[in-house]
Amino acid sequence: MHPTVDEQLQGARRLLDLVAADPGLGAGSAALLADAGRLLRRLEGTWAEILPFLVADSRATAALLVDLAPLLDGELATAIADAAARTAGGSATLHELQIAVAAAHNDELRGLLSDAIASLPDDEAGRRATAAIGAHLRRRLDADPTNARPGRPARPAHEG
């Protein structure tokens, strides 16, 4: 199917580049167009990786939350169990193939993780849980395609 998303993004960027090259364009407008071009280039390089990242990150976050649930109060543990039950195991479910749904579910899980952090006990188990959360968040930052830095390949969220 043409034009593909990549082709449309490239076409939009080329149009912006043509307008930005106009010698009569004001400096402020040229700077704004250059910024828009950079955003499009970044989107071109990451859009296809975002959905797989969200699915993998949701699964990793749900697994971590399930491990944390025994340390948390009943209401939060129940909310975690409900959210984890909606996080697929093996192959992607139809709802996971919709980026807005996958992003909303990922946001929900990250919100639960934030609540869990605030609710962890101040004991050895809580400190181990905090360390596990820190490791998970570092892996998440490294794997997030929108955070990819040159020369540093992204890792899947589930790798350690």
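Residues numbered from 1 in each chain as written. Predicted model: local features only at pLDDT ≥ 70, side-chain atom pairs only at ≥ 80, totals over all residues. Heavy atoms only, no water.

Engineer: For helix H2 (residues 27-68), give the residues involved together with the corresponding values.
Structural biologist: Counted at 1.5 Å a residue, the expected span for H2 with its 42 residues is 62 Å, but the 53 Å between its end C-alpha atoms falls short. Within H2, the axis deviates most sharply at threonine 46, by approximately 50 degrees. (Helix = DSSP H or I, 4+ residues; strand = E, 2+ residues; numbered from the N terminus. Expected span 1.5 Å × (residues − 1). Bend = angle between axes of the 7 residues up to and from the residue.)

Engineer: Any details on the nonpolar core? Residues and values, ideally.
Structural biologist: Judged by nonpolar contacts, the single largest core of 18 residues is most densely connected at Leu65, Leu68, Leu72 and Ile80. Sorting the residues of this core by element identifies H2, helix H3 (74-85), helix H4 (99-119) and helix H5 (124-143) as the ones contributing at least two each. Of all the elements, H3 adds the most residues to this core, at 5 residues. Aside from chain neighbours lying at most four places away, what touches isoleucine 80 is Leu65, Val66, Ala69, Leu72 and Leu112. (Core = buried A, V, L, I, M, F, W, Y, C linked by side-chain atoms within 4.5 Å. Buried < 20%, exposed > 50% of the residue type's maximum accessible area, 1.4 Å probe, protein only. Contact = heavy atoms within 4.5 Å.)

Engineer: Let's hear about the packing of H4 against H5: which residues, and what values?
Structural biologist: Closest axis-to-axis distance for the H4/H5 pair is 12 Å, and the angle between their directions is 150 degrees. On the basis of the axis angle, H4 is roughly antiparallel to H5. Crossing angle aside, the handedness with which H4 passes H5 is left-handed. From H4, Asn106, Arg110, Leu113 and Ile117 reach across to H5, where they touch Ile133, His136, Leu137 and Arg140. A class-by-class count of the residues in the contact of H4 with H5 yields 4 nonpolar, 2 polar and 2 charged. (Axes fitted to C-alpha atoms, helices over the stretch in contact; angles between N-to-C directions. Parallel < 35°, antiparallel > 145°, perpendicular 65-115°, else oblique. Left-handed = near helix turned anticlockwise from the far one by under 90°. Nonpolar A, V, L, I, M, F, W, Y, C, P; charged D, E, K, R; others polar.)

The analysis is restricted to geometry; functional conclusions fall outside its scope.
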